[in-house]
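Each chain, letter by letter, is given below.
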Amino acid sequence: MTQRSLDRLIRPRTIAVFGGREARRVIEQCDLLGFSGEIWPVHPTQEWVLGRRCYRSVADLPGAPDAAFVGVNRTLTVDIVRELSARGAGGAVCYASGFSEAVTELADGADLQRALVEAAGAMPIVGPNCYGMINGLDGALLWPDQHGIVRSERGVAILTQSSNIAINLSMQRRGLPVSYLMTAGNQAQTGLSDLAQAVLADPRVTAVGLHIEGFGDVRALEALAMHARELKKPVVALKVGKSEQAQRATVSHTASLAGSDAVADAVLDRLGIGRVSTLAELIETLKLLHVAGPLDSNAISSMSCSGGEASLMADAAVGRNVEFRALKAEQLPALRASLGQMVTLSNPLDYHTFVWGDLERQTEAFSAMFAGGYALNLLVLDFPREDRCDGADWMITVSAVTAAARQTRARAAILATLPENMPEAIARQLIETGIVPLCGISEALAAAEIASGVADAWKRPRPLPLLDAQADAGEIETLSEAAAKVELAAAGLTVPLGKTAATASEAADRAEELGFPVALKALGVEHKSDVGAVKLNLWDRKAVKDAAEGMSHVALRFLVERMVDRPLAELIVGAVRDPVVGLTLTVGAGGILVELLEDSVVLTLPVTKAEVLDRISRLKVRKLIEGYRGHSNSSLEIVADAVVSAAEYVVKNAARLEELDINPLMVLAGSGGVVAADALIRRRR
């Protein structure tokens with residue numbers, strides 16, 4: 001059944017409220033925020049609520065409400081939702097708990113949630129087990145509690161699964177204008193991404209922030225990202241928690257690298273959704289995006305009247321994809337003229353206090369810095385306490401920043417190193433003049449990094465649809481290394497020359513046929529090096545036979561292979577099935593130090609060669625491949641071709657494949673290419 005539009009629910013003109021105390025609070029909050037539409041209370045015994053006539057049932061209402069807040073017990077919630085749907089209501093918020101989130105306490109929780117969705121039919125419902133939503137643009141609330149939202153003409157939308165997180169975010173005093181605040185609860189029918197798509201279409205919404213506890217419908221998230229890209233409205237996510245792993249015996253190194261958090265990173269990166277780590281970063285990033293939008297580059301400037309602040313800025317950029325690019329030669333004369341001879345001209349810049357309180361000279365200095373073509377210009381300024389100090393000189397600096405930004409048409413931000421040193425009234429004033437009020441150095445740099453990252457993502461070709469996460473049923477089998485390599489060779493990967501043997505004598509025969517030196521491996525044994533089931537650099541028949549006899553207690557068959565030349569680097573390339581996203585590919589430093597080095601990237605599928613090159617260029621092991629300190633080298637292009645072949649094999653076999661592990665994938669010098677020296681494949685029969 002196709003769900004109706006969410007428009008009436010999120011921008012209602014008529015609201016019905018069901019219940020007692022919570023329903024009354026909804027009316028109170030609508031009145032406080034100045035809702036101009038009609039509110040229809042429904043209660044079995046009361047006659048009036050807050051000056052409004054009470055109705056006895058859905059059937060008694062004057063019409064089909066655009067939105068309804070259902071604040072009754074869980075079983076009655078199902079009945080009311082069914083009646084609202086039949087009446088043609090625009091949608092409902094279901095406040096009650098005791099559904100699928102409570103299955104460990106209530107045996108019928110999951111059944112009741114299914115009944116609720118069935119009762120709703122095509123009518124949108126939000127929840128259950130949620131507070132609902134606040135429309136700060138129109139003053140319409142389906143919200144049974146206090147909050148900190150104030151009316152605004154435009155702003156960001158924030159959506160979360162957690163009602164308490166939503167309340168906390170509503171109370172921020174950092175000047176962020178919030179257009180919509182929404183909670184999704186159990187997401188029984190309508191998920192965060194569905195709500196986000198609906199608010200994104202509102203021209204008054206500038207950006208969207210998501211607080212995600214776990215990926216639900218990845219297809220909906222994908223659709224949201226593509227819609228945001230089309231509208232040029234950025235989406236930022238605070239993704240927390242780890243998705244539960246499928247019930248399987250993990251036998252590869254790949255699985256230990258491709259944890260759910262690494263997969264989440266890869267999904268968000270692919271979709272062009274910026275990822276923050278804290279609620280403070282979420283607020284500051286949304287603030288920057290609301291005022292300035294995505295940044296053209298990662299080049300930023302910083303000015304402060306303290307060397308200590310300049311040092312803090314420089315240190316905070318370490319590990320961030322932001323650049324305090326050096327000043328241009330043409331900037332230096334104007335900076336020197338305005339700041340004097342004693343100031344060291346650099347970026348970050350300590351401009352000292354020689355121009356403090358001087359509007360004209362500050363404007364000249366700031367204009368000279370802003371003329372450097374930086375994507376964002378930061379001016380560090382912590383405002384004094386209003387109850388003890390006179391902030392007149394600080395406001396002169398604000399005027400100078402505003403004038404310089406206007407003259408140069410550059411993006412500018414005033415950054416308070418401590419959030420309490422950015423008064424809310426000043427933050428709002430700055431936003432009105434087009435200056436970004438930022439709080440916290442690390443948060444500001446995170447915001448700049450993400451804002452430039454979103455712009456970079458939008459410049460890339462639109463990503464292909466994600467691979468289907470569904471897998472065939474059937475018992476899982478593990479292929480022998482020999483069989484796995486036959487499949488990989490057919491897929492275009494190079495594997496060592498090899499032959500199988502059933503006895504020690506046969507192994508020696510096969511070695512002579514291949515030519516020495518050889519490697520001997522026990523077939524059907526996982527993590528061979530841990531149990532002595534692999535021997536390398538065997539140079540004669542006797543060595544092979546002795547090695548095979550030594551392995552006979554763990555193996556019935558053997559694989560004999562020509563030794564591969566000493567590699568420049570060893571990589572791991574593998575795929576594991578994430579329970580939500582499906583198969584993803586991991587590439588990283590391999591060999592026996594996989595987990596120790598933790599140098600890996602995760603790629604969602606399908607993937608292009610350009611995307612592979614972009615991701616593997618971030619690996620530390622890249623230096624070895626390209627020739628570290630004058631050593632022999634290979635090419636990332638050759639490595640990327642091998643990774644693409646592995647990715648195509650995974651995509652082609654996605655319905656059956658459960659796990660792929662190529663470790664090591666040896667990168668040889670010069671034109672030696674790339675060789676899959678060991679391989680594991682697990683798939684459904």
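Quick note: structure is the one above.
All values derive from a computational prediction rather than experimental measurement. (Residues numbered from 1 in each chain as written. Predicted model: local features only at pLDDT ≥ 70, side-chain atom pairs only at ≥ 80, totals over all residues. Heavy atoms only, no water.)

Draft legend 1. The arrangement of the overall build of the chain in detail. From N to C terminus, the chain includes 23 helices and 30 strands. At a minimum sequence separation of 6, the contacts of the chain that also span at least 24 residues come to 71%. Summed over all atoms, the accessible surface of the chain reaches about 28400 Å², with 50% contributed by carbon and sulfur. Computed over 69 positive and 82 negative side-chain charges, the inter-centroid distance for the chain is 2 Å. (Helix = DSSP H or I, 4+ residues; strand = E, 2+ residues; numbered from the N terminus. Contact = heavy atoms within 4.5 Å. Areas by Shrake-Rupley, 256 points an atom, 1.4 Å probe, with all protein chains shown as cover. Lys, Arg positive; Asp, Glu negative; His and termini not counted. Charge placed at Lys NZ, Arg CZ, Asp CG, Glu CD.)

Draft legend 2. Structural detail: the pattern of salt bridges. All chains considered together, the criterion is met by 46 salt bridges. For Arg462, the salt bridge is made with Glu230, and the minimal N-O distance between the two is 3.3 Å. Within this pair, whereas Arg462 is found in the loop between helix 16 (441-459) and strand 20 (476-478), its partner Glu230 is found in helix 7 (residues 218-231), the two being separated by 232 residues in sequence. With a shortest N-O distance of 2.7 Å, Asp546 and Lys542 are connected by a salt bridge. Within this pair, Asp546 and its partner Lys542 are both found in helix 19 (residues 541-551), separated by 4 residues, close to a single helical turn. With relative accessibility at 37%, the residue Asp546 sits in the partly exposed group. In the salt-bridge network here, residues are joined through shared partners; they are Glu475, Glu477, Glu487, Arg656, Arg683 and Arg685. (Salt bridge = Lys/Arg side-chain N within 4 Å of Asp/Glu carboxyl O. Buried < 20%, exposed > 50% of the residue type's maximum accessible area, 1.4 Å probe, protein only.)

Draft legend 3. Expanded view of unusual backbone geometry. In this chain, Gly127 is followed by Pro128 through a cis amide linkage whose omega measures 0°. As for its position among the elements, Pro128 is in the loop between strand 7 (125-126) and strand 8 (133-135). Omega for the bond connecting Phe516 with Pro517 falls within 30 degrees of zero, at 0°, which places this linkage in the cis form. Looking at the element boundaries, Pro517 is found in the loop between helix 18 (504-514) and strand 22 (518-522).

Draft legend 4. Quick peek at helix 10 (residues 279-291). Counted at 1.5 Å a residue, the expected span for helix 10 with its 13 residues is 18 Å, and the 19 Å between its end C-alpha atoms agrees. By the criterion of burial, helix 10 is predominantly enclosed, with 11 of the 13 residues buried. Turning to helix 10, its buried residues are Ala280, Glu281, Leu282, Ile283, Glu284, Thr285, Leu286, Lys287, Leu288, Leu289 and His290. (Expected span 1.5 Å × (residues − 1).)

Draft legend 5. Structural context of helix 4 (residues 109-120). With 12 residues, helix 4 should reach 16 Å at 1.5 Å per residue; the first-to-last C-alpha distance of 17 Å fits that figure. Among all positions of helix 4, only Gly109, Leu112, Gln113, Leu116, Ala119 and Ala120 are buried. Looking down the long axis of helix 4, one finds its buried residues gathered within 120° of arc, a one-sided arrangement. Residues of helix 4 that are exposed and angled more than 90 degrees away from the buried face: Arg114 and Glu118. Check the buried side of helix 4 and you find it contacts helix 3 (74-87), strand 6 (92-94) and strand 7. Looking at the residues trailing helix 4, positive phi occurs at Gly121, about 60°. (Arc of directions from axis to C-beta.)

Draft legend 6. Local environment of empty space enclosed by the protein. One pass over the full model with this rule turns up 2 cavities of 30 Å³ or more. Considering only enclosed or pocket space, the second largest cavity measures out at about 30 Å³ in volume. Around the second largest cavity, the lining residues are Ala225, Ala228, Lys233, Pro234, Val235, Leu271, Gly272, Ile273 and Trp458. Partitioned by chemical class, the residues of the lining of the second largest cavity number 7 nonpolar, 1 polar and 1 charged. (1 Å grid on protein atoms, 1.4 Å probe; cavity = no way out; pocket = protein on both sides within 12 Å on 5 of 7 lines; lining within 4 Å. Points joined across faces, edges and corners; volume = space filled by probe spheres on them. Nonpolar A, V, L, I, M, F, W, Y, C, P; charged D, E, K, R; others polar.)

Draft legend 7. Quick look at the sheet that holds strand 16 (residues 349-350). Overall, parallel pairing links the 5 strands, which are arranged 16-15-17-18-19 in an open sheet. At either margin of the open sheet sits one strand with a lone partner, and together these are strand 16 and strand 19 (436-439). (Pairing = 2+ DSSP bridges.)

Draft legend 8. Up close: the layout of surface pockets. By volume, the second largest pocket amounts to about 1100 Å³. Forming the walls of the second largest pocket are 29 residues, and the residues nearest its centre are Asp265, Asp269, Glu449, Arg615 and Arg618. Broken down by secondary-structure element, the contributors of at least two residues to the lining of the second largest pocket are helix 9 (260-271), strand 14 (274-276), helix 16, strand 27 (600-604) and helix 21 (609-616). Of the residues contributing to the lining of the second largest pocket, the split by class is 10 nonpolar, 7 polar and 12 charged.

Draft legend 9. Region of the structure containing the side chain of Thr604. Counting through the fold element by element, Thr604 comes out in strand 27. With relative accessibility at 4%, the residue Thr604 sits in the buried group.

Draft legend 10. Examining the environment of Thr500 more closely. Checked against the element boundaries, Thr500 lands in strand 21 (residues 498-501). Through-space distance from the C-alpha of Thr500 to that of Glu561 is 8.7 Å; in sequence the pair is 61 residues apart. Here Thr500 is in contact with Ala482, Arg510, Leu523, Arg557, Phe558 and Leu559, once residues within four sequence places are set aside. Here Arg557 takes part through its side chain, which lies 3.2 Å from a polar atom of the side chain of Thr500. (Polar contact = N/O pair within 3.5 Å; in protein donor to acceptor, adjacent residues only side chain to side chain.)

Draft legend 11. Representation of the state of the cysteines. Evaluated as defined, the whole model comprises 0 disulfides. With no disulfide of its own, Cys30 lies closest to Cys54 among cysteine sulfurs, the gap being 15 Å. (Disulfide = S-S within 2.5 Å.)

Draft legend 12. Spotlight on the sheet that holds strand 2 (residues 38-42). The sheet built from 5 strands is open, its strands ordered 2-1-5-6-7 with parallel pairing. This sheet does not close on itself; its edge strands, each paired only once, are strand 2 and strand 7. Here strand 6 runs beside strand 7; their pairing, made up of 2 bridges, is parallel. Bridge assignment links Ala92 to a residue of strand 7, and that residue is Ile125. With respect to the sheet, helix 3 is in contact with strand 1 (14-19), strand 5 (67-71), strand 6 and strand 7, its orientation differing from that of strand 5 by roughly 165°. (Axes fitted to C-alpha atoms, helices over the stretch in contact; angles between N-to-C directions.)

So, to be careful, I would describe these as geometric facts and stop short of saying anything about function.
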